[in-house]
Structure formats: structure tokens, C-alpha cells
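Here are the chains, one letter per residue:
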Amino acid sequence: VPIHRLPLERLPYLLLLPSLTLVCLIELYPFLTGVSYSLHKGTLLNTGAFVALDNYVRLFNSPDFYNSLSFSFFFALFNVVFSYLIGLGLALFLNLDFPGRGLCRVLLLIPWIVPAVVSIVSWKWLIADRGGLVNIMLAAFGVGPIYFLSQSGWAMVAVVVIKIWRSFPFMMLSLLAQLQVIDRTLYEAGKLDGANHWQLFWHITLPHLKNISIVQAILMVIWSINDFETPFLLTQGGPSNATENLILLSYRYTFGRNDIGRGSAVAILTLILLMVLATLMLRQQRRIA
Amino acid sequence: MMKLDLKWTLLLLALAIVFIIDFPILTVILNSFRTTDNILSSRNILPDQPTLTNYFYINTRTHFWTFLQNSGIVALASTALGTVLAALAGFALSRFRVRILGIYNQALLIVQMFPLILAIIPLFIFFRRLDMVNNFVPVILVYTVTQLPFATWMLRSYFDSVPKELDEAARVDGCSRLRGFIQIVLPLSAPGIAAVAIFSFLFSYNEFFISSVFLRDENRMTMPVGIQSFMQQYSTDWGSLMASATLGMVPTLILFLLIQKYMIAGATAGAVKG
């Protein structure tokens, strides 16, 4: 028998208290402090003088900012589109009935679950200038070598391709989960009405995937824009900042140039950008649904 | 007969796709058994003269086992903390209808999209003042919060599937509800909790960014940070790099095989509750 009888109404607050405390310490406090840093001209050792919106004004006048903004968009757009197409294709394929498909599903998730650093070690060798497998194969056709990580265009392609390779399994998995709960009888009814495969796909499969597709696309845009590991481990943002996204830019300002004002301003703008994108996409979802 | 043929054709096609997709990971494992010279000169994909040289090198000349141990400590601690916090909050979300719960659920959405760099800058300054750089505590706390949205939503859906009547005891004070949760709901959700815990562990074990900011001393580095430091130090010693990458992903692959059947539920948890 409990000595202190806890009133029932207080229980949910009590259950929430530990999580809420930690969220406040690890995200709310840094957010508020970050806003304040972005209005000061400070270093890692000293918050510095209040400069109002000066850091933001300087960002809006700096080519670095537009460069990383456009790379973030490029990276997110290509990653979402190709992860979706590959994920959808493989989900439809794995939804067919053949022996060993469960095992194949598990094996196709591997790029998604191995640590980023392991993937990058592997890809760095595959696309290495000297002795890398891709260049050895190209040489066999008399092409190359291609300096994947030292030419801006190729470095951008490499970072995006590796990101797609790391992302599509998640898309595939969630689309497959949705495919497996579509009512089979819908297809039988469709066939009785004389619909062909393409019509069944267009009028039954796709509408059932619409909601999950939008939600997963939103998540993937957020994760792409927030990605630090893929570009940092592969190129550290180079060559000449070609693969520097907003997160890497904020990191470079903060820890490279010891300028926490501008580093925080980039981070705040990234959060605003993400919230705007997520809101727009959610509104789109409600409109369609 | 035709039908059978089609099935085996599909399987062959599937295996070809799996081979192409997993090829980069396969090369890491295969190359870890070859010397760097052999990797650079041989035209074979399979090791023609398999050797354990790289593994001996990793074992004797690097801090690899320290990295692995540090990763274990950080991942275990954040998994334990995260799972307990998420279970408490998930139970509240599952069984009570109070305004603050709705607000908290919205806050979790923002936590999920929060750019970590924004948290890291002030936290780095904050913990440095406390002389806690190269300390596991900040890393564990950040990992815990990062896992909360996913873990809370997933546990909530497991608790939702346990009938309410089972834990709504006759006496309706808070203590008996809490006891109902611990004695009835938790045991019934054990497989789900295990899956969430392993997911959390995988995330923490694999994570690079936060660790790399806070853990800079070689004796404190986690496995991903350690391998990245190898990448910088021995950028051309592919053999040792591949061996460390292979060893580094062994725990990931084992845990993944344990929870792969929960993966589908996990992949949709964010979508359903978000």
C-alpha cells in the first residue's frame, strides 16, 4: 500500500517530466542561446558584442551562403527523387511472390543500417583516383581516370549518389509495408472489371501509397538537409566548397573560423527553412488527402 | 511449370540486384583480407592471397578496441536512458488525454527536424565551461534526446495495442495506474521494447557527428570517430581501413539481424504518429 497516494490527474505530468526536462536542456536551451549567439559577434570563448541582425545581413551578402543553400537544395531534391523511384521500384518488386524475397528484403536494407563511416571508407576506395575499382574498370574501356573527389561536378555527383544509396532502403521499406496492407480484393475486383496491370497500379496501388509517400518525402527532405556525415566524411565540403551544405557551412564558421555568430545564424536559418518546407509539404498532403 | 520458372527468374533477378546494391559493403569485407599492395594491384575481386595482416595491425598498433568499448558505453547508456524516458512518455500519450501531451507530441516533431548543429554550438560551449569535453555525458544526453521522437511514438503504438482494461485497476489513484503499467503493460510490450532499444542502440553506435565534436581525445573516441581518424592518418592504407570498417560493422549487422522483422513497424512509426 503506497504511503503517498498520488492523485491520478498528476500522473501524466509526472510521466512526461523526465523527457520534457531533457528536451528543454538539450534542444530548447540551445535554441534560445543559439538565437542570442546569432545576434552577437562572438567566439567559442566569448559571446561578444551585440550586433543585431548583422550576421544575417552578412550571410545574405555572402556567396558562401548561397552556395551552400543551393547545394542543400540540390542534394535534397536529387536524394528524394531518386530514393523514391528506386525505393518504389524495389518495393513493387519485393511485393511479388517468389522464394527468398524475405532474405532479399533484409539484404537490401544493409546500405541503410551500416555506419556512415563504413560506407564512406568503402566508396572512397571504389572511386579513388589510383587503384579504385571504378577507375580500373573505366581504364579497361579506355576512359578516364576520373578524379571524382577533386573535380567540383563529379564530387557533387559522388556525394549525392552515395546519399541515395544510403537512403533508398528506408523508402523501400516503408512503401513495402504499405503495399502489404492494401486489400487484395480490390485488385480482384479491378481485374473483373477488365483493368490491365497499368490501370490497377494507377488506380489502386498509387492512391494507397499517396499518404505514406508524402510523409516519407518530408522526412527525407529534412534528413537530407540535416545530413552532416555523408558530405563531411567524403569530401569535407570540398573541393572549393562545392559539396558544402548548410550544416557544413555552419560547422566551418563555428569550429573552423571560430565565428559562433555566423555559425549560429546559418543554423537558425536552416531550422526556419526546414519548418517552412515541412509546413508547405504537410499542407500539400492535407490538400491531396 | 511456367509459373515455377517465373518464380526462379524473379529470384535470380533479386539476387543480382542484392549483389549490386551490397557490392560496396562486400568489397570492404573482401579487401580487409588483402594487403594494401594487393588491393591496389590485383584485378581480382576475391582475395587471391587472403591474409589477416590488417587485423593484426589493427589489434596491436591502434586503439581500435578502446573505440569499440567507448561506443559500447555511450550506446548502452543512451539506449537505457532513452528507452526508459520514452516508455514513460509513451505510456502517458497512450493512456491519458491532457493538453500538455498534445503539445509534447508537437514538440517531438520539431525535435525530429531540429538541426543538430544548432544544439551542438551552445552545448559545446556550455559543456566546455564545465570541463566536460571528452566526457561521455554530453554525448549520451544528446543521443537520448535525438532518439526520443522515434522511440516514444513506437512505444506508444505498442502500448496502444495492449487493452486499456488490463491496467486500469479498480483503485483509480496514480500509484495503482503506475503499478498497472509496470506489472502488466510493460511485460506484455516486452518484444516491442526490445526492438526499440536495439534501434536506439544502433543509432547511437553508428552516429558520428555529435561524437566527433565532443570526443576528441584518442582514448575517448567512439568507433566511427576512430575510423575517421584512421582515414585521415592512413588515407592510403586501404587494408587497415577496410579491416577496421569490417570489425566496426560487425555489431551493427548482428543487432540488425535480431530486429529486422521489426523494421517494417519501425519504418512506418514516424509516419503513422507524425
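Definitions and cut-offs
- Residues numbered from 1 in each chain as written.
- Chains lettered and ligands numbered in written order.
- Predicted model: local features only at pLDDT ≥ 70, side-chain atom pairs only at ≥ 80, totals over all residues.
- Heavy atoms only, no water.
- Helix = DSSP H or I, 4+ residues; strand = E, 2+ residues; numbered from the N terminus.
- Expected span 1.5 Å × (residues − 1).
- Bend = angle between axes of the 7 residues up to and from the residue.
- Buried < 20%, exposed > 50% of the residue type's maximum accessible area, 1.4 Å probe, protein only.
- Phe/Tyr/Trp six-rings, centres within 6.5 Å; stacked < 30°, edge-to-face > 60°.
- Lys NZ or Arg CZ within 6 Å of the ring centre and 35° of its normal.
- Axes fitted to C-alpha atoms, helices over the stretch in contact; angles between N-to-C directions.
- Contact = heavy atoms within 4.5 Å.
- Nonpolar A, V, L, I, M, F, W, Y, C, P; charged D, E, K, R; others polar.
- Salt bridge = Lys/Arg side-chain N within 4 Å of Asp/Glu carboxyl O.
- Buried area = accessible area lost by both parts, 1.4 Å probe.
- Polar contact = N/O pair within 3.5 Å; in protein donor to acceptor, adjacent residues only side chain to side chain.
- pLDDT = per-residue confidence, 0-100.

**Some points on helix α6 (residues 116-129) of chain B**
All names here are of chain B.
- The end-to-end C-alpha distance of α6, which contains 14 residues, comes to 20 Å, matching closely the 20 Å that a straight helix rising 1.5 Å per residue would cover.
- Where α6 bends most, the angle comes to about 25°, and this point is Leu123.
- The buried fraction of α6 amounts to eleven of the 14 residues, a majority that puts the element mostly inside the structure.
- Residues of α6 that are buried include every one of Leu116, Ile117, Leu118, Ala119, Ile120, Ile121, Pro122, Leu123, Phe124, Ile125 and Phe127, and no others.

**Quick notes on the packing of aromatic side chains**
- Applying the stated rule across the entire model yields 36 aromatic pairs over all chains.
- Taking the centre distance of 5.5 Å and the plane angle of 85° together, the rings of Phe64 of chain B and Trp65 of chain B count as edge-to-face.
- One aromatic cluster in this structure is built from Tyr29, Phe228, Phe232, Tyr251 and Phe255 of chain A together with Phe124, Phe126, Phe127, Phe208, Phe209 and Phe214 of chain B.
- Its guanidinium or amino end placed over the ring of Tyr253 of chain A, Arg262 of chain A lies 4.9 Å from that ring's centre, counting from NZ or CZ.
- The ring of Phe136 of chain B carries the charged tip of Arg220 of chain B above its face, separated from the ring centre by 4.2 Å.

**Comments concerning the packing of helix α3 (residues 63-94) of chain A against helix α12 (residues 246-256) of chain A**
All names here are of chain A.
- With their axes 8 Å apart at the nearest point, α3 and α12 run at an angle of 145° to one another. Judged by residue contacts, Asp64, Phe65, Ser68, Leu69 and Ser72 of α3 engage Leu246, Leu249, Arg252 and Tyr253 from α12.
- In terms of residue class, the contact of α3 with α12 is built from five nonpolar, two polar and two charged.

**Brief notes about the pattern of salt bridges**
All names here are of chain A.
- For the structure on display, the rule yields eight salt bridges over all chains.
- In this structure, the salt-bridge partner of Asp64 is Arg257, at a minimum N-O distance of 3.7 Å. Here the residue Asp64 occupies a position in helix α3, and Arg257 occupies one in the loop between α12 and α13 (260-288), the gap between them amounting to 193 residues.
- Using a relative accessible area of 18% as the deciding quantity, one classes Asp64 as buried.
- A salt bridge links Glu244 to Arg252; the nearest nitrogen and oxygen atoms lie 2.6 Å apart.
- Residue Glu244 is classed as buried on the basis of its relative accessible area of 2%.

**What about the interface of chain B and chain A?**
- Between chain B and chain A, the residue contacts involve 89 residues of the former and 94 residues of the latter.
- Summing both sides of the interface, chain B and chain A together bury roughly 8,500 Å²; the carbon and sulfur share of this comes to 81%.
- For the pair chain B and chain A, the number of links is one salt bridge.
- Two residues, Lys7 of chain B and Asp97 of chain A, come together in a salt bridge whose shortest N-O distance is 3.4 Å.
- Linking chain B with chain A are eight residue pairs in polar contact (both at pLDDT 80 or more).
- Looking at the side of chain B that touches chain A, the element that brings in the most residues is helix α1 (residues 2-31) of chain B, giving 17 residues.

**So, the side chain of Thr270 of chain A**
- Tracing the sequence through the fold places Thr270 of chain A in helix α13.
- The residues touching Thr270 of chain A, leaving out its near neighbours within four places in the chain, are Ile225, Asn226, Leu246 and Ile247 of chain A together with Pro115 of chain B.

**Focus: the confidence of the model for chain B**
Residues and elements named next belong to chain B.
- Averaged over every residue, the pLDDT of chain B is 88; residues scoring 70 or more account for 93%.
- A low-confidence stretch, residues 270-274 (pLDDT under 50), is modelled with ten contacts involving residues beyond four sequence positions or located in other chains.
- This complex was scored by the predictor with a pTM of 0.92 and an ipTM of 0.91.

**Quick word on α12 of chain A**
Residue and element names in this part refer to chain A.
- For α12, a buried count of nine out of eleven residues is recorded, marking the element as mostly surrounded by other parts of the structure.
- All of the buried residues along α12 are Leu246, Ile247, Leu248, Leu249, Ser250, Tyr251, Tyr253, Thr254 and Phe255.
- For α12, the side-chain oxygen to backbone nitrogen distance between the N-cap and Ile247 is 3.1 Å, and the N-cap itself is Asn245.
- Backbone geometry just downstream of α12 places Asn258 in the positive-phi region, at approximately 55°.

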